[in-house]
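Close look at the chain arrangement
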Amino acid sequence: DPHGSHERKSLLSPEETEKQLHGLAGPRVELPEATFVDLFQQRARDCPDAIAVEHGSVRWTYRELEHRANRIAHTLLTAGVAREDVVAVVMDRSPDWIAAALGVFLAGGVYLPVRPDFPVERVVTQLERSACAVALTEPGSEKLVRAASARLAAPLTTLSVRRIQSRGGLTEPPGVPVTPGQAAYIYFTSGSTGSPKGALCEHAGFLNHLYAKIEDTGMTAGAGDVVAQIASQCFDISLWQFAAPLLLGGTVRIVDTATQLDVGAFVEEIVQGRVTVLQIVPSYLEVLLTHLEQHPRPLDALRSVSVTGEALGYESVQRWFAAYPDIQLVNAYGATETSDDPMHEVLRGVPERDFVTVGRALRNVHTYVLDENLALAPLGTPGEIAFAGVCVGRGYINDEERTREAFVPDPFRPGNRMYRTGDFGRWLPEDRLEFLGRRDAQVKIRGFRIEIGEIENRLLSMPGVREAAVVTEGDVGEERVLVAFFSGADEVSAEGVRAFLATVVPDYMVPTHIHRVDRLPLTENGKVDKKALARPAGEGA
Ligand code: ADP
């Protein structure tokens, strides 16, 4: 093994151990006994006439949103929904969808978002796995829900949100106590490997993330923040995109998918809607930047752009600050299983290093970098990233085996659990974490252990390179080789990339094939689709 990664006893000094366990943890902040439910209701009392949700020409005040959510909650309770019962919300993104999600929380249920355009097969699997017996529907999803229901052992109780609202009825709060330890929501991970897993998270982790995000990105109560709701309802980041503004008395502005596909229209919406906080995936930042460089436009209201889900390229950051020096960029990192993003780096300018770190742990979060025996890796040494603290979700719903694999006892704080991300990272001298890619992206080439993410990070640090992905080709037994794909400025060639890499990584980490492409293929959630890249396209070097 050329890297010498043998079994290691703890090589760490007591000081280093202390630093990793405490010094690098997020600040400890007392959590309130309240949940998002109480705090939203408080806002509705404080500022009933403020605008809570905007969608095209539709505008709802806090009073209106709360009344609608309360009606839904009462209907769910009448239908027999009890504490922690899973309720599927099979709706497109709209103000009604937000009212439905809030209604589920207010009734003490567990929110399970399902997209009306999903194949019925997938819906059935998700409903079965989560033992879901109740669905909230809209006209466009009724057919799908009926088809799914017919395939379940017991038919679903189906409640039409439109009918609930047109019937009127109770608008006062249902008064169901919701506690911090209670399950709040389930998101099924996209299932790139094996069958989808339903990650179940609790209210305490949900609220902790909201508070951290609000505080660290400088959002303040009543300051009129407008947060764009962009993400698909099945991507966990969609939750804070509406919950954070509603916690503050701010406004959620729903931006349709069609608008996002037309970047000019998207910019118009951000400007006209006076959006102050935006969250996107790196590939969309790229689309946005390219457009804004060609059609410069002041974004006066915008204060903060959060980027998440995948590695943020250094070049994108340089270009962003060249165009918008006063708008901060936040690189947020985490997994659905850890209540969204438990780490982030808030950038107010181009970082000194030629790559972007994932920053530090949020409040009440511990980040560990572990060796193969789950002992702390020495500072600066790559290891698996694990999270502990309030962010750790309860597990995968009705899937004990896979829960036990990923949610393991926290060896450093007995009685607690930690979540193994399957990602690699290392601590940098400035107490920031460098993300080094997925564990399953660790490969052996000619006996050398290689983190694919490290090659990708270096590729992204090359001037002119905008997107980069590295995959392997060749099956076990054959000679496996590395294949790189990149997009970038016209003057960057595959030969240039090869020459650059040769100066920054050992020769065994320089990909055998390097392909230049216009854009990298993306998955439904906007992440690079590595499966689609497995077959090379275009000219190589
Ligand atoms: P998220 O909703 O935060 O994207 P997912 O559960 O969809 O969470 O995916 C989690 C995985 O996405 C992480 O384990 C990591 O591999 C990758 N990821 C998320 N954020 C980042 C980031 N800022 N930089 C690099 N990789 C990231």
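Please read these numbers as outputs of a predicted model, since none were measured by experiment.

Cut-offs applied
- Residues numbered from 1 in each chain as written.
- Predicted model: local features only at pLDDT ≥ 70, side-chain atom pairs only at ≥ 80, totals over all residues.
- Heavy atoms only, no water.
- Helix = DSSP H or I, 4+ residues; strand = E, 2+ residues; numbered from the N terminus.
- Rg over C-alpha atoms; globule rule 2.2 N^0.38 Å.
- Buried < 20%, exposed > 50% of the residue type's maximum accessible area, 1.4 Å probe, protein only.
- Areas by Shrake-Rupley, 256 points an atom, 1.4 Å probe, with all protein chains shown as cover.
- Lys, Arg positive; Asp, Glu negative; His and termini not counted.
- Charge placed at Lys NZ, Arg CZ, Asp CG, Glu CD.
- 1 Å grid on protein atoms, 1.4 Å probe; cavity = no way out; pocket = protein on both sides within 12 Å on 5 of 7 lines; lining within 4 Å.
- Points joined across faces, edges and corners; volume = space filled by probe spheres on them.
- Nonpolar A, V, L, I, M, F, W, Y, C, P; charged D, E, K, R; others polar.
- Near = heavy atom within 4 Å.
- Polar contact = N/O pair within 3.5 Å; in protein donor to acceptor, adjacent residues only side chain to side chain.
- Phe/Tyr/Trp six-rings, centres within 6.5 Å; stacked < 30°, edge-to-face > 60°.
- Lys NZ or Arg CZ within 6 Å of the ring centre and 35° of its normal.
- Salt bridge = Lys/Arg side-chain N within 4 Å of Asp/Glu carboxyl O.
- Core = buried A, V, L, I, M, F, W, Y, C linked by side-chain atoms within 4.5 Å.
- Contact = heavy atoms within 4.5 Å.

Next up on the list: the overall build of the protein chain. Counting its secondary structure elements, the protein chain contains 17 helices and 26 strands. Against the globule reference of 24 Å for 541 residues, the protein chain gives a C-alpha radius of gyration of 23 Å, in line with a compact fold. With the principal axes as the frame, the protein chain shows a C-alpha extent of 70 × 55 × 45 Å. A burial count over the protein chain gives 58% of its 541 residues as buried. Within the structure as shown, the protein chain displays about 22000 Å² of accessible surface, and the carbon and sulfur contribution to it stands at 50%. Charged side chains of the protein chain number 55 positive and 73 negative; the gap between the two group centres comes to 3 Å.

Another aspect to go through is the layout of surface pockets. The calculated volume of the second largest pocket comes to roughly 690 Å³. In this structure, the second largest pocket is lined by 27 residues; those nearest its centre are Ile230, Ser232, Thr257, Gln260 and Glu524. Residue assignment for the lining of the second largest pocket shows that the elements contributing at least two residues are α9 (237-248), α10 (257-261), β11 (277-280) and α12 (282-294). In terms of residue class, the lining of the second largest pocket is built from 10 nonpolar, 10 polar and 7 charged.

Okay, the site of the ligand next. Around the ligand, 17 residues are found, and the nearest of them are Asp236, Ala332, Thr336, Asp423 and Lys527. At 3.3 Å from an oxygen atom of the ligand is found a side-chain nitrogen or oxygen belonging to arginine 438. The side chain of lysine 527 places a nitrogen or oxygen atom 2.9 Å from an oxygen atom of the ligand. Isolated, the ligand exposes 530 Å² of accessible area, and the fraction of that covered by the protein chains is 90%. Taken together, the elements giving at least two residues each to the shell around the ligand come down to β13 (328-335) and β21 (433-438). Residue contributions to the shell around the ligand peak at 5 residues, all from β13. Along the lines of polarity and charge, the residues of the shell around the ligand split into 6 nonpolar, 5 polar and 6 charged.

Now for the packing of aromatic side chains. Ring pairs (aromatic) are described by centroid distance and by the angle formed between their planes. Tallied over the full model, the rule gives 17 aromatic pairs. Aromatic pair tyrosine 111 and tyrosine 187: ring centres 6.4 Å apart, planes at 85 degrees, arrangement edge-to-face. Of this pair, tyrosine 111 sits in strand β4 (residues 110-114) while tyrosine 187 sits in strand β7 (residues 183-188); the two residues are 76 residues apart in sequence, bridging distant segments of the chain. Exposure remark for tyrosine 111: the relative accessible area of 0% places this residue in the buried category. Assessed through its relative accessible area of 1%, tyrosine 187 is described here as buried. In this structure an aromatic cluster arises from ring pairing among Phe36, Phe40, Tyr62, Phe105, Tyr111, Tyr185, Tyr187 and Phe206. The ring of phenylalanine 118 carries the charged tip of arginine 122 above its face, separated from the ring centre by 4.4 Å. The ring of phenylalanine 355 carries the charged tip of arginine 458 above its face, separated from the ring centre by 5.2 Å.

A few words now on the pattern of salt bridges. Inspection of every chain in the model, using the stated rule, returns 33 salt bridges. A salt bridge links arginine 319 to glutamate 315, with the nearest nitrogen and oxygen atoms 3.6 Å apart. One end of the pair is arginine 319 and the other is glutamate 315, both in helix α13 (residues 314-323) and 4 residues apart, which spans about a single turn. With respect to burial, arginine 319 and glutamate 315 carry one shared label: buried.

Leu136, Leu246 and Trp320 are the most contacted members of the largest nonpolar core, which has 90 residues in total. Of all hydrophobic cores here, the second largest spans 26 residues; its members include Leu482, Ala484, Met509 and Ile514.

Let's shift gears to the side chain of glutamate 345. Of note, glutamate 345 is situated in strand β14 (residues 340-347). Among the polar contacts listed, one links the side chain of glutamate 345 to the side chain of threonine 357, at a separation of 2.7 Å. The contacts of glutamate 345, once residues within four sequence positions are left out, are Leu329, Val330, Asn331, Thr357, Val358, Gly359 and Arg432.

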